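# Working through the structure, step by step
Next come the chains, spelled out residue by residue.
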Amino acid sequence: MQELRVGIVGAGGIARARHIPSFQKNENVALVAVADVSSEALERVKSEFGVPTTYTDYREMFEKEQLDAVCVCTPNKYHAPVTIAALRQGMHVLCEKPMALNAEESRAMVQAAQESGKILTIAFHYRHKGACRSAKRVVEAGELGDVYMVRVLALRRRGIPSWGVFTNKDMQGGGALVDYGVHLLDLALWLVGNPKVVEVAGVTSQRLGTRPNVNPWGEWNYKDFQVEDHAAAFIRFADGGAMQLEASWALNIAESVENVSISGTEGGLDVFPFRVNKAAHGMLVNWTPTWMPGEQDEEGTRQTADFVDAILEGRQPVVKAEEALQVSQIVDAIYRSSASASAIKLCD
Ligand SMILES: NC(=O)c1ccc[n+]([C@@H]2O[C@H](COP(=O)([O-])OP(=O)(O)OC[C@H]3O[C@@H](n4cnc5c(N)ncnc54)[C@H](O)[C@@H]3O)[C@@H](O)[C@H]2O)c1
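Reference entry: report on the structure contained in this document. (Residues numbered from 1 in each chain as written. Predicted model: local features only at pLDDT ≥ 70, side-chain atom pairs only at ≥ 80, totals over all residues. Heavy atoms only, no water.)

### Side note on the environment of Gln 303
Looking at where Gln 303 falls in the secondary structure, it is placed in helix 9 (residues 299-313). Sequence spacing of Gln 303 and Ser 22 is 281 residues, and the spatial spacing of their C-alpha atoms is 8.6 Å. When sequence neighbours within four positions are dropped, the list of residues in contact with Gln 303 reads Arg 18, His 19, Ala 123, Phe 124, His 125 and His 128. (Helix = DSSP H or I, 4+ residues; strand = E, 2+ residues; numbered from the N terminus. Contact = heavy atoms within 4.5 Å.)

Shown next as structure tokens:
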């Protein structure tokens, strides 16, 4: 099989937990180098994963390594500049989520991908989970009829990231919404076919993150907490449907909850746990699968395989850059709506 030379930029938590092992496992890939500004991070991936070559400057890695593809795992601030540089030098890119700090940067990334003719995909790995792929098949088969309502919940009772730069506005662009909410927002939009968005109304708040609090995810610096810990939004689609979204890192609720729930004229479904809700034969019935394909597959491995296969087969990846741009546009509109206390029109 053809072997792709792959490099990784950013050797932190997600590179170690997901991307380095997934690329090393893929038989069509040679993971040849990793770049990070931190020598300590590079030493760690050298010893843990036996990465052959490391660089403290990704530009040097791009010049010297003749890479076919790059995986961008830096803080959000660097997603756009690193991705655009890689695309312009002829590399395909898998970039971590969120796509960038804002929609403007995301649009520049899409443009760079179009100009280069290379693949750009974003690590919205939820799409590769077994339950999400099953949900997609059910919706696409028309089982739900005309879909008109989508509810999205990404709520942690307490789960503020305590490592890295997640609570730094300049580095990340936002908090719970861009870190956690975007996964479920992207999933929900994809499940219902990325309908055109007409209007967004949102409220973001910074309530529990700025004072000492219980946090099973570790100690974070509450004195320098610069982002939102909660976001809520109502999104109106051009086809008459709507989406309701809530995302949090810390919220006073009984239990953390993560779900996309879709309602149509012929039925509904919940993704986590997966079930389809119907009215049939004079009964209200909920069906749940006793087996689903891909249930045991690890979504990180699947995400890497999709990126690699898209390159080798010359096809689109599951997560298209234009779809990730739509997520960025909605996120921007939520922040703008909250700041201006008014709904934001995205189109007529
Ligand atoms: N898909 C997911 O579920 C998921 C989970 C966690 C993190 N992420 C995303 O992955 C990215 C990184 O998160 P993380 O948890 O690995 O953070 P991290 O802080 O653990 O790692 C980031 C690494 O990037 C390095 N870095 C910073 N600036 C750099 C630069 N200019 N060039 C090269 N390296 C640079 C840092 O030194 C650090 O080692 C973020 O965008 C985050 O949103 C995604």
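### Some points on empty space enclosed by the protein
Inspection of the entire model under this criterion finds two cavities of 30 Å³ or more. The volume enclosed by the largest cavity comes to roughly 70 Å³. Forming the walls of the largest cavity are 13 residues, and the residues nearest its centre are Pro 98, Ala 100, Val 178, Ser 328 and Val 331. Within the residue set of the lining of the largest cavity, elements represented by two or more residues are helix 8 (176-191) and helix 10 (321-340). Element by element, the count of residues in the lining of the largest cavity is highest for helix 10, at five residues. Looking at the lining of the largest cavity, its residues break down into ten nonpolar, two polar and one charged. Lining the second largest cavity are Leu 94, Thr 121, Ile 122, His 128, Gln 303, Asp 306, Phe 307, Pro 317 and Val 319. For the lining of the second largest cavity, the secondary structure elements donating two or more residues are strand 6 (120-122) and helix 9. (1 Å grid on protein atoms, 1.4 Å probe; cavity = no way out; pocket = protein on both sides within 12 Å on 5 of 7 lines; lining within 4 Å. Points joined across faces, edges and corners; volume = space filled by probe spheres on them. Nonpolar A, V, L, I, M, F, W, Y, C, P; charged D, E, K, R; others polar.)

### Quick word on the sheet that holds strand 7 (residues 147-155)
Taken in spatial order, the nine strands of this open sheet run 14-13-12-11-7-10-9-8-15, and their pairing is mixed. This sheet does not close on itself; its edge strands, each paired only once, are strand 14 (283-287) and strand 15 (344-345). Bridge count between strand 8 (residues 197-205) and strand 9 (residues 230-237): eight bridges; the pairing is antiparallel. Paired with Glu 199 across the two strands is Arg 236, which belongs to strand 9. Across the sheet, helix 8 is in contact with strand 7, strand 9, strand 10 (242-248) and strand 11 (257-264); its angle to strand 10 comes to roughly 150 degrees. (Pairing = 2+ DSSP bridges. Axes fitted to C-alpha atoms, helices over the stretch in contact; angles between N-to-C directions.)

### Regarding helix 9
The first and last C-alpha atoms of helix 9 sit 20 Å apart over 15 residues, in line with the 21 Å expected at 1.5 Å per residue. Within the span of helix 9, buried status applies to Glu 299, Gly 300, Gln 303, Thr 304, Asp 306, Phe 307, Val 308, Ala 310 and Ile 311. Where helix 9 is buried, its residues touch strand 1 (4-9), helix 1 (13-25), strand 2 (29-35), strand 4 (69-72), strand 5 (92-95) and strand 6. Looking at the residues trailing helix 9, positive phi occurs at Gly 314, about 65 degrees. (Expected span 1.5 Å × (residues − 1). Buried < 20%, exposed > 50% of the residue type's maximum accessible area, 1.4 Å probe, protein only.)

### Notes on the packing of aromatic side chains
Tallying each qualifying case throughout the model produces six aromatic pairs. Ring centres of Tyr 126 and Phe 272 lie 6.2 Å apart, and the angle between their planes is 75 degrees; on these two criteria the pair is classed as edge-to-face. With Tyr 126 in the loop between strand 6 and helix 6 (130-140) and Phe 272 in the loop between strand 12 (268-270) and strand 13 (275-280), this residue pair connects regions lying 146 residues apart in the sequence. Here Trp 163 and Trp 217 contribute two aromatic rings whose centre-to-centre distance is 6.2 Å and whose plane-to-plane angle is 15 degrees, an arrangement assigned as stacked. Taken as a pair, Trp 163 in the loop between strand 7 and helix 7 (169-172) and Trp 217 in the loop between strand 8 and strand 9 lie far apart in primary sequence, 54 residues in all. On the accessibility criterion, Trp 163 (44% relative accessible area) is partly exposed. What links up through ring pairs into an aromatic cluster is the set Trp 163, Phe 166 and Trp 217. Taking the ring centre of Tyr 335 as reference, the NZ or CZ of Lys 169 above it sits at 5.5 Å. (Phe/Tyr/Trp six-rings, centres within 6.5 Å; stacked < 30°, edge-to-face > 60°. Lys NZ or Arg CZ within 6 Å of the ring centre and 35° of its normal.)

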